[in-house]
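Breakdown of the fold
Below, each chain spelled out in residue letters.
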Amino acid sequence: MNNSTQKSIKKLSIATLIIGGITLAYLYWEMIAQLWVDSYIYPLTWNPDIKSWQIFILLARFVGITLLYILCCVFLYRTNKGLEEGDVFPQSNISLIRWGALVAGLLTFVHSNYSAVVRGESELMLESNTILIPLIVLLFAGLYKMAYLAAKDSKLAI
């Protein structure tokens with residue numbers, strides 16, 4: 001692969017990690033402020049009837065965004081390492097994208113219910129995006145797998 005293309009991908013990966021890290025820090029700050037700062041714009045209202053549901057959604061959001069950022073870091077690391085070794089589509093990224101689909105589905109479900117949980121309301125939301133987004137990510141995992149197989153096939157042909 002062209003050296004300038006590799007440098008561009010590396011710079012784009014670094015920019016993605018920086019922007020993702022800033023977003024992650026903001027979401028952490030927002031959750032901490034909602035939990036412990038009374039003067040925050042949207043403070044968390046605990047409802048004793050649904051307290052376990054509220055804790056589940058808060059923990060799922062914290063774990064989900066952290067896990068998605070880690071998966072992104074690993075994906076970009078493997079991609080850049082593969083490019084250095086001459087492997088454009090590392091096979092190990094296929095399962096990583098599939099795990100990302102699962103985490104994206106969880107985060108979409110959590111996002112649908114997060115505002116109600118913060119307000120202390122007892123409602124359960126299930127939007128079409130909860131199913132659609134993981135399916136789209138799984139589609140990309142399939143396309144990535146096809147690209148991996150095509151790259152592997154072209155190496156064998158040479």
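Everything that follows concerns the structure shown earlier in this document.
Values in this document were obtained by computation on a predicted structure and should not be read as measured data. (Residues numbered from 1 in each chain as written. Predicted model: local features only at pLDDT ≥ 70, side-chain atom pairs only at ≥ 80, totals over all residues. Heavy atoms only, no water.)

Glancing now at the layout of surface pockets. By volume, the largest pocket is sized at about 470 Å³. Together, 19 residues line the largest pocket, and I65, L68, Y69, L71 and C72 are the ones closest to its centre. Of all the secondary structure elements, the ones that give two or more residues to the lining of the largest pocket are α1 (3-36), α2 (51-84) and α3 (92-119). Ranked by residue count, the leading element in the lining of the largest pocket is α2, at 7 residues. Tallied by class, residues from the lining of the largest pocket come to 15 nonpolar, 4 polar and no charged. Of the pockets and cavities examined, the second largest pocket occupies roughly 170 Å³. Around the second largest pocket, the lining residues are E30, Q34, Y42, R61, H111, Y114, S115, V118 and R119. The set of elements that each furnish at least two residues to the lining of the second largest pocket consists of α1 and α3. (1 Å grid on protein atoms, 1.4 Å probe; cavity = no way out; pocket = protein on both sides within 12 Å on 5 of 7 lines; lining within 4 Å. Points joined across faces, edges and corners; volume = space filled by probe spheres on them. Helix = DSSP H or I, 4+ residues; strand = E, 2+ residues; numbered from the N terminus. Nonpolar A, V, L, I, M, F, W, Y, C, P; charged D, E, K, R; others polar.)

To continue, consider the side chain of S112. Counting through the fold element by element, S112 comes out in helix α3. The class for S112 is buried, based on a relative accessible area of 8%. A distance of 3.3 Å separates the side chain of S112 from the side chain of E127, its partner in a polar contact. The residues contacting S112, other than those within four sequence positions of it, are M125, E127 and T130. (Buried < 20%, exposed > 50% of the residue type's maximum accessible area, 1.4 Å probe, protein only. Polar contact = N/O pair within 3.5 Å; in protein donor to acceptor, adjacent residues only side chain to side chain. Contact = heavy atoms within 4.5 Å.)

Moving on to the packing of aromatic side chains. On inspection of all chains with the given rule, the structure shows 6 aromatic pairs. Between W53 and F109, the aromatic rings sit 6.0 Å apart at their centres with planes inclined by 80°, giving edge-to-face as the arrangement. Here W53, found in helix α2, pairs with F109, found in helix α3; they are 56 residues apart in sequence, far enough to count as distant. Assessed through its relative accessible area of 17%, F109 is described here as buried. (Phe/Tyr/Trp six-rings, centres within 6.5 Å; stacked < 30°, edge-to-face > 60°.)

With that settled, the discussion passes to the packing of α2 against α3. Put simply, α2 and α3 touch, their axes get as near as 8 Å, and they point 150° apart. When the interaxial angle is binned, α2 and α3 end up roughly antiparallel. The crossing of α2 and α3 is left-handed. Residues of the contact of α2 with α3, tallied by class, amount to 20 nonpolar, 7 polar and 2 charged. (Axes fitted to C-alpha atoms, helices over the stretch in contact; angles between N-to-C directions. Parallel < 35°, antiparallel > 145°, perpendicular 65-115°, else oblique. Left-handed = near helix turned anticlockwise from the far one by under 90°.)

Bringing the environment of F56 into the picture now. Looking at the secondary structure, you find F56 in helix α2. Overall, F56 belongs to the partly exposed group, its relative accessible area being 40%. Distance from F56 to R98, taken between C-alpha atoms, is 23 Å for residues 42 residues apart in sequence.

This part is about the environment of A150. The residue A150 is located in helix α4 (residues 129-157) in this model. The exposure class assigned to A150 is partly exposed, which follows from its relative accessible area of 45%. Separated by 61 residues in the primary sequence, A150 and F89 have C-alpha atoms spaced 9.5 Å apart.

This next bit is on the pattern of salt bridges. The tally for this structure, following the rule as stated, stands at 3 salt bridges. A salt bridge links E30 to R61; its shortest N-O distance comes to 3.0 Å. Taken together, the residues span a long stretch of sequence, with E30 in helix α1 and R61 in helix α2 at a distance of 31 residues. According to the relative accessible area criterion, E30 is buried, its value standing at 14%. (Salt bridge = Lys/Arg side-chain N within 4 Å of Asp/Glu carboxyl O.)

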